[in-house]
Amino acid sequence: MKICALQLPTLPMSSARLDYYLQICANEGVELVCIGEYVLNNFFRDLVKMPKNLIKEQSDMRKTIMNDLCKKYDISIVAPLILQKGRGFVKVCAKFSKNQNKFYEQNFLMPYSHWDEKSFFLNSPTKVNIPTFNINRTKFAIINAYETNFDVCWQEIMKKKVDVVIVPSACTFFSETRWKELLKTRAFTNLVYILRINRVGEHKYENERWNFYGQSMLINPFGDIVNELGKDEEMLIVNIDKKEINKARSLWKFSDQLKNIGAF
């Protein structure tokens with residue numbers, strides 16, 4: 001099956017740019033389109049300064065646009081989104097399709113002084129919940145880039161027998177090499193495809209410029225980068241091959257070893 005990574009900055013409120021890309025995807029037979037972090041909404045450092053009513057208005061409009069595009073092109077879309085919850089907001093990853101929408105709260109949030117999502121958002125998971133769904137006999141999971149650092153997330157992915165892990169991200173600070181090596185290792189040790197979709201664009205913070213460097217990529221179950229984008233706005237259409245997943249699992253037998261000791 002074909003899936004697509006859309007490597008974008010924060011989008012304007014118009015649906016024209018997404019419509020353009022989705023039309024190409026529909027013509028190419030793509031079944032799933034994936035979007036990076038802080039693309040449907042403003043970047044986090046901007047959100048904390050925005051009036052709450054504007055954040056809600058932005059998200060409501062994005063949901064309407066996503067619904068319309070999914071119905072128009074019969075394509076599913078995975079994208080991070082900010083949703084209102086009580087007097088505040090939660091950070092979720094949304095899966096839009098022509099028949100229904102699902103929203104999954106992120107399990108782990110950045111807790112750092114310069115990027116303190118944990119204090120801003122009201123996410124309150126009581127246990128790790130890794131969202132999964134099936135398209136064309138292929139099982140997908142969604143985890144945010146920050147969550148890829150936590151072993152417990154990958155334990156759940158292996159237990160759920162996931163084939164492809166979607167990783168939306170907003171990575172910056174010259175972290176290209178670290179993220180490549182981390183995700184290549186995770187793909188191999190879990191014998192899954194990983195589609196990492198990173199944001200592009202720039203954010204001005206005090207006297208600094210945060211550059212989001214893109215490099216969205218597909219990594220195969222052997223830990224090899226199959227396709228990779230550059231640092232500009234681009235799209236990446238890739239093939240997911242279940243035969244390659246089965247070949248890797250048959251060769252390395254990691255899950256069989258875990259079953260033998262009752263890990264799951």
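Residues numbered from 1 in each chain as written. Predicted model: local features only at pLDDT ≥ 70, side-chain atom pairs only at ≥ 80, totals over all residues. Heavy atoms only, no water.

Considerations on the overall build of the protein
The condition is simple: The helix count covers DSSP runs of H or I at least four residues long, the strand count covers runs of E at least two residues long, and both are numbered beginning at the N terminus. Using C-alpha atoms as the atom set, the radius of gyration is obtained and then compared with a globule rule of 2.2 Å times the number of residues to the power 0.38. Using a 1.4 Å probe on the protein chains alone, a residue whose accessible area is under 20% of its type maximum counts as buried, one over 50% counts as exposed, and one in between counts as partly exposed. Between two residues, a contact is recorded if the distance between any of their heavy atoms is within 4.5 Å.
Per the secondary structure count, the protein includes 8 helices and 16 strands. By the compact-globule yardstick of 18 Å for 264 residues, the protein fits well, its C-alpha radius of gyration being 18 Å. In terms of its C-alpha atoms, the protein occupies a principal-axis envelope of roughly 55 × 45 × 35 Å. In the protein, which comprises 264 residues, the proportion classed as buried is 50%. When contacts within the protein are restricted to residue pairs at least 6 apart in sequence, those whose partners lie at least 24 apart make up 66%.

With respect to the pattern of salt bridges
Oppositely charged side chains may form a pair once their charged atoms are brought near each other. Convention followed: In the sections that follow, a salt bridge refers to a side-chain nitrogen of Lys or Arg positioned within 4 Å of a carboxyl oxygen of Asp or Glu.
In total, this model carries 17 salt bridges according to the counting rule given. A salt bridge links aspartate 163 to arginine 249; the shortest N-O distance between them is 3.3 Å. Taken as a pair, aspartate 163 in the loop between helix H5 (151-159) and strand E10 (164-169) and arginine 249 in helix H7 (residues 242-252) lie far apart in primary sequence, 86 residues in all. Residue aspartate 163 is classed as buried on the basis of its relative accessible area, which comes to 7%.

Points about the packing of helix H1 (residues 16-28) against helix H3 (residues 52-73)
Heads up, the condition is: Axes, fitted as lines to C-alpha atoms, cover a helix only where it is in contact. Angles between the N-to-C directions of the axes lie from 0 to 180 degrees. Each angle gets one of four labels, with under 35 degrees taken as roughly parallel, over 145 as roughly antiparallel, 65 to 115 as roughly perpendicular, and the rest as oblique. Handedness of a crossing is defined here by the sense of rotation of the near helix relative to the far one, left-handed for an anticlockwise turn of less than a right angle and right-handed for a clockwise turn. Each residue receives one of three labels: charged for Asp, Glu, Lys and Arg, nonpolar for Ala, Val, Leu, Ile, Met, Phe, Trp, Tyr, Cys and Pro, and polar for the others, Gly being one of them.
Two elements in contact, H1 and H3, have axes whose closest approach is 10 Å; the angle formed by their N-to-C orientations is 25°. Relative to H3, the element H1 is oriented roughly parallel. Handedness of the H1/H3 crossing: right-handed. On H3, the residues touching Leu18, Asp19, Leu22, Gln23 and Ala26 of H1 are Met66, Leu69, Lys72 and Tyr73. Of the residues in the contact of H1 with H3, the class split is 6 nonpolar, 1 polar and 2 charged.

Side note on the nonpolar core
Condition: The term nonpolar core refers to a set of buried residues drawn from Ala, Val, Leu, Ile, Met, Phe, Trp, Tyr and Cys, joined through side-chain atoms within 4.5 Å.
Ranked by size, the top nonpolar core spans 27 residues in total, and within it Leu6, Leu18, Val33, Met66 and Ile77 carry the most contacts. Secondary-structure elements contributing two or more residues to this core are strand E1 (2-7), H1, strand E2 (30-35), H3, strand E3 (76-85) and strand E4 (88-96). Looking at this core, the element that brings in the most residues is H3, giving 5 residues. Discounting chain neighbours no more than four positions away, the residues touching methionine 66 are Leu18, Leu40, Ile77 and Phe96.

Points about the pairing of E4
Using the following cut-off: For two strands to be treated as a pair, DSSP must find no fewer than two bridges joining them.
Along E4, 9 of the 9 residues are buried, which leaves the element largely enclosed by surrounding structure. Bridge count between E3 and E4: 9 bridges; the pairing is antiparallel. Among the inter-strand pairings, isoleucine 82 is bridged to a residue of E4, identified as lysine 91. The antiparallel hairpin formed by E3 and E4 contains 2 residues in its connecting segment, where glycine 86 sits at a positive phi of about 60°.

Topic: the packing of aromatic side chains
Using the following cut-off: Geometry of aromatic contacts follows a simple scheme: Phe, Tyr and Trp rings, the Trp one being its six-membered ring, pair when their centres are within 6.5 Å, and the pair is stacked under 30 degrees between planes, edge-to-face over 60, tilted otherwise.
Inspection of every chain in the model, using the stated rule, returns 18 aromatic pairs. With centroids separated by 4.0 Å and ring planes inclined at 10°, the aromatic side chains of phenylalanine 108 and phenylalanine 150 adopt a geometry described as stacked. Here the residue phenylalanine 108 occupies a position in the loop between strand E5 (101-105) and strand E6 (111-112), and phenylalanine 150 occupies one in the loop between strand E9 (138-142) and H5, the gap between them amounting to 42 residues. Here phenylalanine 150 falls in the partly exposed class, since its relative accessible area comes to 25%. Judged by centre distance (5.6 Å) and plane angle (85°), the ring pair of phenylalanine 188 and phenylalanine 254 falls under edge-to-face.

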